Amino acid sequence: MSTTAERTWEGPSAAERLNILRNTKSIAIVGASDKPSRASYFVATYLLSSSPYKVYFVNPVAKEILGQPVYASLADLPETPDLVDVFRKHDDLPGVLDETIAVGAKTIWLQLGSWHEGVAAKAEEAGLNVVMDRCVKIEHARFHGGLHLAGFDTGVISSKRQLTA
């Protein structure tokens, strides 16, 4: 018997995810890390350098990430973010959703590997857009032509593989 709960919730289509990203002006990364080896740091670097979004970092311990201030909670942000990008463990997700609803954000986005059926149901009941088990960086790059097979922008636009000597 599998210990993984069955996935019954269906997320937004590619067109719906593109629409969410197009209508987003600001993103709060909850669980942002100042450690370059962490996925949230990689996503933050990409969003700051390759996207039009105003990016906020939320972490009750860190003070600065990539030269930007870090806020202890969503309630401490200077504006309401459109999208809350969550890098937190499974058991923390309901609390992050409660904060997301309380500040009035439009979208909760759970990163790759994060799936919580209860959070999705409650978020949709509250009128939020919900995306789970997807990466904002990968989705943004996919829709804007910057995604190589490995997930990195190679800077090469070609339908042919480059030969190396």
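Please refer to the structure placed before this passage.
Residues numbered from 1 in each chain as written. Predicted model: local features only at pLDDT ≥ 70, side-chain atom pairs only at ≥ 80, totals over all residues. Heavy atoms only, no water.

**Focus: the pairing of strand β2 (residues 54-58)**
Then, number 1: When you tally the buried positions in β2, you get 4 out of 5 residues, the bulk of the element.
Then, number 2: Here strand β1 (residues 26-30) pairs with β2 via 5 bridges, running parallel. Bridge pairing in β2 links Val30 to Val58.
Then, number 3: Running through helix α2 (residues 39-50), the crossover from β1 to the neighbouring parallel element β2 is right-handed.
Then, number 4: The pairing of β2 with strand β4 (residues 68-71) spans 2 bridges and is classified as parallel. Looking at the pairing, Phe57 lines up with Val70 of β4. (Buried < 20%, exposed > 50% of the residue type's maximum accessible area, 1.4 Å probe, protein only. Helix = DSSP H or I, 4+ residues; strand = E, 2+ residues; numbered from the N terminus. Pairing = 2+ DSSP bridges. Right-handed = clockwise from strand over helix to strand, strands pointing away.)

**Observations concerning the environment of Leu48**
Then, number 1: Following the sequence through the fold, Leu48 ends up in helix α2.
Then, number 2: Taking the C-alpha atoms as reference points, Leu48 and Gln68, separated by 20 residues in sequence, lie 10.0 Å from one another.
Then, number 3: Excluding residues that lie within four positions of it along the chain, Leu48 makes contacts with Val55, Phe57, Leu66 and Gln68. (Contact = heavy atoms within 4.5 Å.)

**Considerations on the packing of α2 against helix α5 (residues 136-143)**
Packed helices, taken two at a time, are described by the angle their axes make and the gap between the axes.
Then, number 1: Here α2 crosses α5 at 35 degrees, and the two axes come no closer than 9 Å. From α2, Phe42, Val43, Tyr46, Leu47 and Ser50 reach across to α5, where they touch Val136, Lys137, His140 and Ala141.
Then, number 2: Within the contact of α2 with α5, the residues separate by chemical class into 6 nonpolar, 2 polar and 1 charged. (Axes fitted to C-alpha atoms, helices over the stretch in contact; angles between N-to-C directions. Nonpolar A, V, L, I, M, F, W, Y, C, P; charged D, E, K, R; others polar.)

**Some words on the sheet that holds strand β7 (residues 129-131)**
Then, number 1: Read from one edge to the other, the open sheet built from 7 strands follows the order β3-β4-β2-β1-β5-β6-β7, with strand pairing classed as mixed. Of all the strands in the sheet, the pair left with one neighbour each is β3 (64-65) and β7.
Then, number 2: The pairing of β1 with strand β5 (residues 83-86) spans 4 bridges and is classified as parallel. Looking across to β5, one finds that Val30 is bridged to Val86.

**Here we look at the pattern of salt bridges**
Then, number 1: Summed over all chains, the structure comprises 7 salt bridges.
Then, number 2: For Asp92, the salt bridge goes to Arg88, with nearest N and O atoms at 2.7 Å.
Then, number 3: A residue is classified by how much of its surface remains accessible, and Asp92, at 21% relative accessible area, is partly exposed.
Then, number 4: Residue Arg88 is classed as partly exposed on the basis of its relative accessible area of 34%.
Then, number 5: In this structure, Lys122 and Asp98 form a salt bridge, with 2.6 Å as the shortest nitrogen-oxygen distance. Placement of Lys122 in helix α4 (residues 117-125) and of Asp98 in helix α3 (residues 93-103) is noted, with a sequence separation of 24 residues between them.
Then, number 6: Residue Lys122 is classed as partly exposed on the basis of its relative accessible area of 41%.
Then, number 7: Judged by relative accessible area, Asp98 falls into the partly exposed class, the value being 37%.
Then, number 8: Where salt bridges share partners, they join Arg17, Arg134, Glu139 and Arg142 into one cluster. (Salt bridge = Lys/Arg side-chain N within 4 Å of Asp/Glu carboxyl O.)

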